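The residues making up each chain are set out below.
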Amino acid sequence: QVQLVESGGGLVQAGGFLRLSCAASGRTFSSYDMGWFRQAPGKEREFVAVISWSGSRTYYADSVKGRFTISRDNAKNSVSLQMNSLKPEDTAVYYCAADLSGYSTKADDYSYWGQGTQVTVSS
């Protein structure tokens with residue numbers, strides 16, 4: 001079993017930055033691919049970024065490429081999302097997700113989810 005808890009969300013002005021963290025429990029955390037997704041009101045949950053179990057591969061949605069950076073620290077059982085140059089359209093609830101064979105842009109491919117953390121970007 002893997003339990004995920006997000007933190008770091010909040011209110012920030014456009015052009016600002018936030019760093020989201022996801023704390024995970026489980027002896028085999030290092031074996032899981034980890035992803036970040038977000039969901040804005042009235043919209044479907046969308047892919048943001050993913051990192052492989054080893055951290056050697058990453059992939060980003062075009063909308064955040066060059067602004068967001070995903071990273072993981074397996075020794076600390078955590079994954080982070082550094083968000084820079086934030087825009088109002090980044091406003092959403094952000095979720096971290098895990099799966100043994102994920103490394104996918106599709107939410108349905110992930111088995112474990114956190115409860116989410118709100119990110120609000122004002123103009």
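Caption draft 1: Geometry of the overall build of the chain. Each helix and strand in the chain was counted, giving zero helices and eleven strands. In sequence order, the secondary structure elements of the chain are arranged as β-β-β-β-β-β-β-β-β-β-β. For 123 residues, the compact-globule formula gives about 14 Å, and the C-alpha radius of gyration of the chain, at 13 Å, lands near that figure. Across its three principal axes, the chain shows a C-alpha extent of roughly 40 × 25 × 25 Å. Sequence-distant contacts, at least 24 apart, represent 58% of the contacts inside the chain between residues at least 6 apart.

Caption draft 2: Geometry of the pairing of strand 4 (residues 33-39). Of all the seven residues making up strand 4, six are buried; the element is thus mostly covered by neighbouring parts of the structure. Note that strand 4 and strand 9 (residues 92-99) share seven bridges and pair antiparallel. When the sheet's bridge partners are listed, Arg38 is paired in strand 9 with Tyr94. Sheet topology note: the strand 4/strand 5 (residues 46-51) ladder contains five bridges and is antiparallel. For Phe37, the partnering residue across the bridge sits in strand 5 and is Phe47. Between strand 4 and the antiparallel strand that follows it, strand 5, lie six residues; Gly42 among them carries a positive phi value of about 80 degrees.

What counts and how
- Residues numbered from 1 in each chain as written.
- Predicted model: local features only at pLDDT ≥ 70, side-chain atom pairs only at ≥ 80, totals over all residues.
- Heavy atoms only, no water.
- Helix = DSSP H or I, 4+ residues; strand = E, 2+ residues; numbered from the N terminus.
- Rg over C-alpha atoms; globule rule 2.2 N^0.38 Å.
- Contact = heavy atoms within 4.5 Å.
- Buried < 20%, exposed > 50% of the residue type's maximum accessible area, 1.4 Å probe, protein only.
- Pairing = 2+ DSSP bridges.

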